[in-house]
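Structural characterization, general
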Amino acid sequence: MKKIPVTLKVNGESYDLMIAPYRTLLDVLREEIQLTGTKKGCDVGDCGACTVLLNGQPVNSCLVLAATAQDAEIMTIEGLAQKGKLHPLQEAFVKEGAVQCGFCTPGILISLKALLDKNPAPTMEEVKTAMAGNLCRCTGYSKMFKAVESVTSGLGR
Amino acid sequence: MSDYYAVGKSVPRVDAVDKVTGEAVYTADVNLPGILYAMAKRSPHPHARILRIDTRRAEALPGVKAVITAKDVPDILLGLKLRDAPILARDRVRFAGEKVAAVAAVDEDTALEALGLIDVEYEELPAVTDVKEAMKKGSLLVHENLHTYAGLPAPVKNTNTFLHETFSKGDTALGFAQAELVFEHNFTTQAVHQGYLEPHAAVADIGPDGSVTVWSSDKVPFRVRSLMAEIIGLPITRVRVIPSLVGGDFGGKGMIFDEPLCYYLARKSGRPVKMVMSRQEEFLAGSPRHPSIIRLKAGVTKSGELVAWEGNAIFDSGAYAAYKPQVGLGGTKKLAGTYRIPHVRIDGSYVYTHTVPCGHCRAPGDPQASFAVESFMDMIASNLQMDPFRFRWINALEDGDLSPVGEPWKGINIKETMTAAVKSSGWGKPKPNPHYGIGIACAERPTGTGESSAVVIVNGDGSVNIISGSSDPGTGARTILCQIVAEVLKVPMERISINLVDTDSAPYDQGAGGGRTTFVAGQSAYRAALEVKKELVASAAKLLKCPGEQAQDLIEVSDGFLFMKSDPDKKISYSQAVKAVGKSQLMAEETFSCNQLDDTCFATHIAEVQVDPERGYVEVKRITAAHDIGFAINPAAAEGQIEGGIVQGVGFAILEEMQRAEGKVTNPTLSDYKLCTSLEAPEIVTLLIEGAPGPGPFQAKSIGELPTCPIAPAVANAVFDAIGVRITDLPITGEKIVKALKESGAARPVSAAVRKEG
Amino acid sequence: MKFELLQPRSLQEALEMKKNYGDKARVLAGGTDLLVLLKDQKLTAEAVMSLAGVRDLNFIRYEDGRGATLGALATHGGVAASPIIQQKFPDLAEACSQVGAVQIQNLGTVGGNLCNASPAADVAPPFLLMDAVLTLASTRGERRVSIHDFFQGPRRTVLQADEILKEIFVPEVPGRRGATYLKLGRRKAMEIAIVGIGVAIHLNGSDQVVSECRIAMGSVAPTPVRARRGEEILRNQEVRDELIEEVAVVAAEEASPISDVRASREYRLDMIRVLCRRAARVALARARGNKEEGL
């Protein structure tokens, strides 16, 4: 299959790539741009480990063809910390012990970032709903809830 | 506990920042120049003879660099103990999903296309997929040459039951004769997947001199090394295993999977090869928890004292036993729970069938046994019209008792966990609505044993390196080793470093598993730290002019300094102490090995559920979990183990099931195989019961496996409390509840049982 | 998964491509179904035509008194969050908010959900309740097809090889409409419906007399279906508990569910009755303007 030129804008950087047209955004991020922080847990949209922001919205990057993301703003976990400073959610996950094996962590942080961008003071039900597309097997989610709460408390509610 | 310097504190994990920033490297993240992507061709049949494999069309596909079948790999059988599994199926496939060939290509899409071009001609054979059929005399044999296999614990022939274990105490015939009431019931549990989010992954690279480097998601790098060396026929020195972070294990990552295939594909293609299992392959050919059929029989007095007990378990092992390091599972021994029963007889059978081979899954065998025993306890209590807590309380073991099967148990602490859980949960409180239920269950699981070594180095600047080959599949083990060393040496955590090191660079370690790391690796680090501290003290003694023979008593350490207790102002830094002996660093290495331990751990869980009887929908609202932990070196990490174990247990209780039809898994996706999402996670109240002495440093006990054991029965008991039907076949689905309610008459609101605390 | 990728920049261009490629090109909207089927090798495609560049098919338009038009590429997330849809067609908003989870809702489209023609499609029951009209476009022109004529079987629709679903029109009904969509899964998210039931109740004048009842069911037959006999029972009737029960029983009789890995036929039949009864009560309460939605 002939490769096609695609320019992807990831974490503010532009990448000019030649890729097969059927490749997913997930595979291209991981294998062509070497941004391996985005994980492949199922490759069919069932686990959320591959969650990235596409124009600010969380999506499963395993269900997006890279070529169709040509004009989009893409953000991966590698873009969450700004100039070496952790995002408050990252800090809270570290501090509250919300990270165990860490494989689901990037996807969950991206989902939660999208939530807080839209809704800085969510209810716990809204937090849980925002995370429901991200499976975690290690933590039982408890410490993640606590970490989000530690970020949003003091923001009303 | 506030007197401690570094332990007993919820310090952040040493790898947390890497993990929240996406910098953490897992095996599938390893990219090497020229790397090829490999995939396996798998059998669609549960049992068939392989007549012919034609790989020519696949080899001709552009982009395909190597194809291998059984003829390309050594004709040996593998196994952690019982060796019964080939690297690639040779003449026979024994389960749907067994690997028959593998392809390496320039990308995964090409590899996948190539799989479709491999022609395999099978002669389908009858399959035995039902465990009870497989146990019958004269059944079709899954392994005809079983008696020739290495690692078989006792010689058996012409049977699918490759292991039969019995445990007993007293005389059950006598016991049942003494009993005033006898109860008997059957329980069944399903196959469940460990559900780690990271699928198995492996990379192999062969150097110009033939030496092999392997990256693996396996949690036991040293075993990967020895198995690979054996398979290839190289000395261990020529195989180096580089551990990556492990994206969840729960028992499923202790046996090599695709590492040998990567190696033989790399050898054939001359390029490094990566193989990552798909989620579907994980379900078809992972190593799930054994399904079980359990029969229990109990004799009691009218006042509720247990006098006799029989337990019988059948574990469906699937097509191979290779994934079990002890051939059997610890769970059989647990079939009489945590109770004082004079006469006990237990037996367990492990049986081959033409289904997915089963392996270790968080507390191997225990969740099955616990579901049966703790459900049964409630059924008996209900029949006796006793409060389920009270019935357990009067039969619970106390310190000094032997275990139900007559083993010496140290530090029996079950009642403390019961009291704490009952108090905290408000056991006996009025129901907020008629279909609300509450249930209790207890469990026990020993601290694991094994061998670990650690090197502790105090550098010239006073900072500290720990070199350990132990693994941390997300449990926090490496953080805990740092805390232990920080405590001994009184060095701040940020001046201690522990890195993932390859098998050439660290001393041998048995790896994570069985709840052993805090104890075994912890002891090795603790002792190495004590040794190096002695050297620091000896050096400081000279500088402080303290008499050498008393130095170890008279000199103290704090924040990286040494000083005489009598004169704390006169300090020697670690840096000075190191330099004073004329070395660049001080170093100690300790190996700790323990094969037999009587120490064990206890837990009581109380589940509260809301049932919608019309839909059969169970919502687990709250779990109160009291755990006998000895001492929590990192309370947040301990709570994390408990919380994760609970939610995994909730999945086992109500959601998860590897459904099978004619030996094939019919729901091999995370859409149809249902792990709890954040919306299913209950509120969790964790109670860490400290104080009972454990075998680990600072009296710590293990915590990794036990939390998942009592959940299913606690939920089943709560469901019974809510709607008056008893489900004895896991998982407790809506469908089963609706059916049971129909059979029992209408959904009857259960009278609020009067409950008192013991 | 290997295919040629077509990336039209306008509907016109897409229609031209579809005309040339016909069945050889599969239409990719959100990708949440198509890419999964391609990866699982349950489908193959020579070419995939992504509509990502056809921006003007992602819209929600409302005309007072007439109804709403949804572009085929309106996402589940967009529809669920639309205040006008929430207000006028809560059943549709509820259905969209129960598809998968947030990530899937951000990708998946209502048009894609309909064209995929899964018996379990969450958006199908609300559209069936609303007598939605679909506009199918091709280079030959446009035609309008009732949702009731759209599905032909599991994963089969009346779409011709050169056609693309352009938009979906849902007419507003006179009087007061109350409606809901209830989905049964084993979890609260990331589920394919075991049973999905939509019920709409129309009131004209009295709060007690139902002028019309509509019932739509998913995952219970080869296609999503209406339960017409059940609906008749409540038409122009005064509401009584026994009647609602009867509606539920008859609706279940109209279904022909199968047993599969998600549930048995028997359980599905039971759940149609339960969900139908509950949905009817919620719909009625909403039609009456009650805040308390008497489940």
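As the structure is a computational prediction, the values presented were derived from the model and not from experiment. (Residues numbered from 1 in each chain as written. Chains lettered and ligands numbered in written order. Predicted model: local features only at pLDDT ≥ 70, side-chain atom pairs only at ≥ 80, totals over all residues.)

**Structural notes on the overall build of chain C**
We apply this condition: The helix count covers DSSP runs of H or I at least four residues long, the strand count covers runs of E at least two residues long, and both are numbered beginning at the N terminus. Atoms counted for the radius of gyration: C-alpha only. Globule rule: 2.2 Å times the number of residues to the power 0.38. Any residue with 12 or fewer other C-beta atoms within 10 Å of its own C-beta is exposed, any with 20 or more is buried, and the rest are partly exposed; the C-beta atoms used are placed from the backbone. Contacts are defined on C-beta atoms placed from the backbone: any two residues whose C-beta positions lie within 7 Å are in contact.
For chain C, the count of helices and strands is 12 helices and 15 strands. The globule rule puts the C-alpha radius of gyration for 295 residues at 19 Å, and the 19 Å found for chain C is close to it. Of all 295 residues assigned to chain C, the portion counted as buried reaches 58%. Contacts in chain C between residues at least 24 apart in sequence constitute 64% of all its contacts with a sequence separation of at least 6.

**Notes on helix α16 (residues 635–655) of chain B**
Applicable threshold: Expected helix span is taken as 1.5 Å per residue step, with the number of steps being one fewer than the number of residues.
Taking 1.5 Å as the rise per residue, α16 of chain B with 21 residues should run 30 Å; its terminal C-alpha atoms sit 29 Å apart, in good agreement. α16 of chain B sits mainly inside the fold: 21 of its 21 residues count as buried.

**A look at the interface of chain B and chain C**
Put simply, the rule is: Classification used: nonpolar for Ala, Val, Leu, Ile, Met, Phe, Trp, Tyr, Cys and Pro, charged for Asp, Glu, Lys and Arg, polar for all others including Gly.
Every contact between the two is made by 17 residues of chain B and, on the other side, 17 residues of chain C. Contributions of two or more residues to the side of chain B that touches chain C are made by α3 (108–115) and α18 (734–743) of chain B. The element that contributes the greatest number of residues to the side of chain B that touches chain C is α18 of chain B, accounting for 3 residues. Across the side of chain B that touches chain C, the residue classes tally to 3 nonpolar, 6 polar and 8 charged.

**Comments concerning unusual backbone geometry**
Leaving glycine aside, a negative phi is the common case for residues, and trans is the common case for peptide bonds. Between L730 of chain B and P731 of chain B the backbone carries a cis peptide bond, its omega angle lying at -5°. Assignment of secondary structure puts P731 of chain B in the loop between α17 (711–723) and α18. Located in the positive-phi region is D43 of chain A, a residue other than glycine, with phi close to 70°. In this structure, D43 of chain A sits in the loop between α1 (25–32) and β3 (51–54).

**Considerations on the domain arrangement of chain C**
Buried accessible area, meaning the area lost when the parts come together, often serves as the stated size of an interface. Residues and elements named next belong to chain C. Selection criterion: Domain start and stop positions are those given by an automatic or database domain assignment.
Domain assignment breaks chain C into domain 1 (4–50), domain 2 (55–171) and domain 3 (176–287). Taken together, the contact between domain 1 and domain 2 spans 14 residues of the former and 21 residues of the latter. Residues of the side of domain 1 that touches domain 2, tallied by class, amount to 5 nonpolar, 4 polar and 5 charged.

**Observations concerning the sheet that holds strand β7 (residues 141–146) of chain C**
Residue and element names in this part refer to chain C. Heads up, the rule is: For two strands to pair, DSSP has to find at least two bridges joining them. Only the contacting stretch of a helix is used when fitting its axis, a line to C-alpha atoms as for every element, and angles between N-to-C directions run 0 to 180 degrees.
The strand order β4-β5-β10-β6-β7 describes an open sheet built from 5 strands, whose pairing is antiparallel. Here the strands that pair on one side only, and so sit at the sheet edges, are β4 (60–63) and β7. Strand-to-strand twist across the sheet, computed as the mean angle between neighbouring axes with direction ignored, equals 20°. Both strand β6 (residues 133–138) and β7 contribute to a ladder of 6 bridges, which runs antiparallel. If you follow L134 over to β7, its bridge partner there is V145.

**Observations concerning the sheet that holds strand β21 (residues 496–498) of chain B**
Residue and element names in this part refer to chain B. Taken together, 4 strands build an open sheet; the order of strands is β21-β20-β19-β25 and the sheet is mixed. Bordering the open sheet on either side are β21 and β25 (585–594), each of which pairs with just one other strand. Looking at each pair of strands side by side, their axes are set apart by 20° on average, direction ignored. Docked against the sheet, helix α13 (residues 517–544) engages β19 (450–459), β20 (464–468) and β25, running at close to 145° with respect to β25.

**A closer look at the domain arrangement of chain B**
All names here are of chain B. Assigned domains of chain B: these are domain 1 (16–23 + 449–594), domain 2 (32–124 + 195–285) and domain 3 (409–447 + 597–758). The centre of domain 2, based on its C-alpha atoms, is set 38 Å off from the matching centre of domain 3. Taken residue by residue, the interface counts 8 residues in domain 2 and 11 residues in domain 3. For the side of domain 2 that touches domain 3, the class distribution of residues is 5 nonpolar, 2 polar and 1 charged.

**With respect to the environment of R495 of chain B**
All names here are of chain B. By secondary structure assignment, the location of R495 is in the loop between α12 (477–489) and β21. Residue classification places R495 among the partly exposed positions, given that 17 C-beta atoms sit within 10 Å. A C-alpha to C-alpha distance of 51 Å links R495 and T733, two positions 238 residues apart in sequence. In contact with R495, not counting residues within four places along its chain, are S463, V464 and G560.

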